[in-house]
Amino acid sequence: MHKPEQYQNDAMNPINVDPAAPLFIVLNASSGSDETVTVREIIETELKQAGRKFELSLVTRAETITDVARDTVRRAREHNGVVVAAGGDGTINAMAQAALGSGCPFGIIPQGTFNYFGRTHNLPEDTIEATRVLLSPLAYPIQVGLVNDRVFLVNASLGLYPQVLEDRETYKRKLGRNRWVAWLSGLYTVLHYHRRLNLTIEHKGKVSTLVTPTLFVGNNRLQLEQIGIEEASVADNGELTAIAIRPVNTLTMIGLGFRGALGQLGEADHVVSFSFQSIVVKPALLFGRKFIKVATDGEITRLRSPIKFRVADQPLYLLKPAPVEKK
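This is a predicted model, so every value here is computed, not measured.

Take the sheet that holds strand E10 (residues 197–203) next. One open sheet accounts for six strands, arranged E8-E7-E18-E15-E10-E11; its pairing is antiparallel. Of all the strands in the sheet, the pair left with one neighbour each is strand E8 (150–152) and strand E11 (206–212). Strand after strand, the sheet turns through a mean of 25 degrees between neighbouring axes, direction not considered.

Shown next as structure tokens:
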């Protein structure tokens with residue numbers, strides 16, 4: 001496994017990308033909006049003007065994204081091409097899952113609401129500018145998190161947070177996709193969620209118990225910084241960050257939510273956080289649930305216990321603007 005110092009050294013060691021390498025793009029059109037048509041036209045216009053070969057596949061049904069991603073990566077490997085995800089965190093996650101270990105450079109055209117991944121790596125939110133980044137001659141290594149065998153680039157979680165995401169999607173379908181809907185739906189979930197996870201955690205050869213409404217594992221410096229977690233700097237340096245909340249009443253939980261919004265969550269007495277390369281999590285009870293609901297970059301799935309969080313042995317190589325070296 002990569003050590004933290006190796007990630008620090010690798011961060012400024014990009015690989016060269018063949019300027020003639022074809023781009024294999026997956027665009028999420030499952031929402032069926034007119035905006036998707038505009039995005040497609042922009043992508044095609046920019047790449048044709050640049051004289052770059054490309055194939056663009058549309059995902060019209062969300063449940064097909066995994067199969068489309070695998071097929072796209074297979075074609076990219078056959079033609080020594082670049083894999084590109086055009087969409088939100090779920091689309092990017094599915095494409096990253098298929099691309100990890102393929103040897104193909106990875107590009108994104110971000111279209112999501114929060115866009116933590118794109119913003120962390122200084123990728124433009126403007127579609128024209130983001131498409132032009134795909135013509136970059138260098139791809140930089142980025143850290144990938146794994147929960148069991150599932151990729152996450154931003155975060156993975158158990159308990160309350162997956163429920164927040166499920167409820168958020170329900171409200172977005174009814175009220176539209178914007179950040180106010182996301183915050184208000186999250187508040188509703190907190191008010192009605194009373195479950196607790198009874199977990200054992202294996203970390204560095206030691207076993208401890210933890211009772212918490214949620215376990216959140218971050219792999220994104222920007223998101224961790226925004227909520228005020230001290231370990232934010234470990235993202236992309238070979239480690240992940242675990243955050244748990246000790247059992248509290250509903251009013252205190254709401255207060256913790258506001259502290260997170262103000263960037264002060266790490267200072268709260270009821271919050272536990274630590275960095276790691278690998279931990280194993282399982283229900284503390286002998287007859288605990290075999291499958292646990294897990295969220296990865298906003299997508300909900302059920303994984304078999306025990307749940308292992310770790311840093312992937314190899315990075316993805318992302319087309320992005322050159323990092324600014326710190327003096």
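An order of E14-E13-E12-E9-E16-E17 is seen for the six strands of this open sheet, with the pairing classed as antiparallel. Looking at strand neighbours, the two that pair on one side only are strand E14 (271–276) and strand E17 (299–304), the edges of this open sheet. Along the sheet, successive strands turn relative to each other by an average axial angle of 25 degrees, direction set aside. Direction of pairing for strand E9 (residues 155–159) relative to strand E16 (residues 291–296): antiparallel, over a ladder of three bridges. For Ser 157, the partnering residue across the bridge sits in E16 and is Ala 295.

Applying the stated criterion across every chain yields a total of one cavity of 30 Å³ or more. If you add up the space inside the largest cavity, you get close to 60 Å³. Tallied by class, the residues present in the lining of the largest cavity amount to four nonpolar, five polar and two charged. Here the lining of the largest cavity spans two domains, and each of domain 1 (4–143 + 315–319) and domain 2 (151–311) adds at least three residues to it.

Okay, the nonpolar core next. Considering soluble globular proteins, one finds that nonpolar side chains tend to be buried as a cluster. Membership of the largest hydrophobic core comes to 31 residues, with the highest contact counts inside it found for Val 83, Phe 106, Ile 108, Phe 117, Leu 153 and Leu 316. Sorting the residues of this core by element identifies strand E2 (23–28), helix H3 (65–78), strand E4 (82–87), helix H4 (89–99), strand E5 (106–110), helix H5 (116–120) and strand E19 (316–319) as the ones contributing at least two each. With five residues, the single largest contributor to this core is H4. In terms of domain composition, this core takes at least three residues from each of domain 1 (4–143 + 315–319) and domain 2 (151–311). The next biggest cluster of nonpolar side chains, apart from the first, holds 22 residues, and it includes Leu 210, Val 217, Phe 309 and Val 311.

Bringing the environment of Val 211 into the picture now. You can see Val 211 is positioned in strand E11. Judged by relative accessible area, which is 34%, Val 211 ranks as partly exposed. Residues Val 211 and Thr 200, eleven residues apart in the sequence, show an inter-C-alpha distance of 8.8 Å. Not counting the four nearest positions on each side in its chain, Val 211 is found in contact with Arg 196, Leu 197, Asn 198, Ile 245, Arg 246 and Pro 247.

With that out of the way, let us pick up the packing of aromatic side chains. Pairs of aromatic rings are described using the distance from one ring centre to the other and the angle between the two planes. For the structure on display, the rule yields one aromatic pair. Residues Phe 274 and Phe 276 carry aromatic rings whose centres are separated by 6.0 Å and whose planes lie at 50 degrees to one another, so their mutual orientation is tilted.

Moving on: the environment of Val 59. By secondary structure assignment, the location of Val 59 is in strand E3 (residues 54–59). Overall, the relative accessible area of 1% leaves Val 59 in the buried class. With near-sequence residues (within four places) excluded, Val 59 lies in contact with Val 26, Leu 27, Asn 28, Ala 29, Ser 30, Thr 64, Ile 65 and Val 68.

Quick notes on the rules
- Residues numbered from 1 in each chain as written.
- Predicted model: local features only at pLDDT ≥ 70, side-chain atom pairs only at ≥ 80, totals over all residues.
- Heavy atoms only, no water.
- Pairing = 2+ DSSP bridges.
- Helix = DSSP H or I, 4+ residues; strand = E, 2+ residues; numbered from the N terminus.
- Axes fitted to C-alpha atoms, helices over the stretch in contact; angles between N-to-C directions.
- 1 Å grid on protein atoms, 1.4 Å probe; cavity = no way out; pocket = protein on both sides within 12 Å on 5 of 7 lines; lining within 4 Å.
- Points joined across faces, edges and corners; volume = space filled by probe spheres on them.
- Nonpolar A, V, L, I, M, F, W, Y, C, P; charged D, E, K, R; others polar.
- Domains from an automatic or database assignment.
- Core = buried A, V, L, I, M, F, W, Y, C linked by side-chain atoms within 4.5 Å.
- Buried < 20%, exposed > 50% of the residue type's maximum accessible area, 1.4 Å probe, protein only.
- Contact = heavy atoms within 4.5 Å.
- Phe/Tyr/Trp six-rings, centres within 6.5 Å; stacked < 30°, edge-to-face > 60°.

These results come straight from atomic positions and should not be treated as a statement about function.
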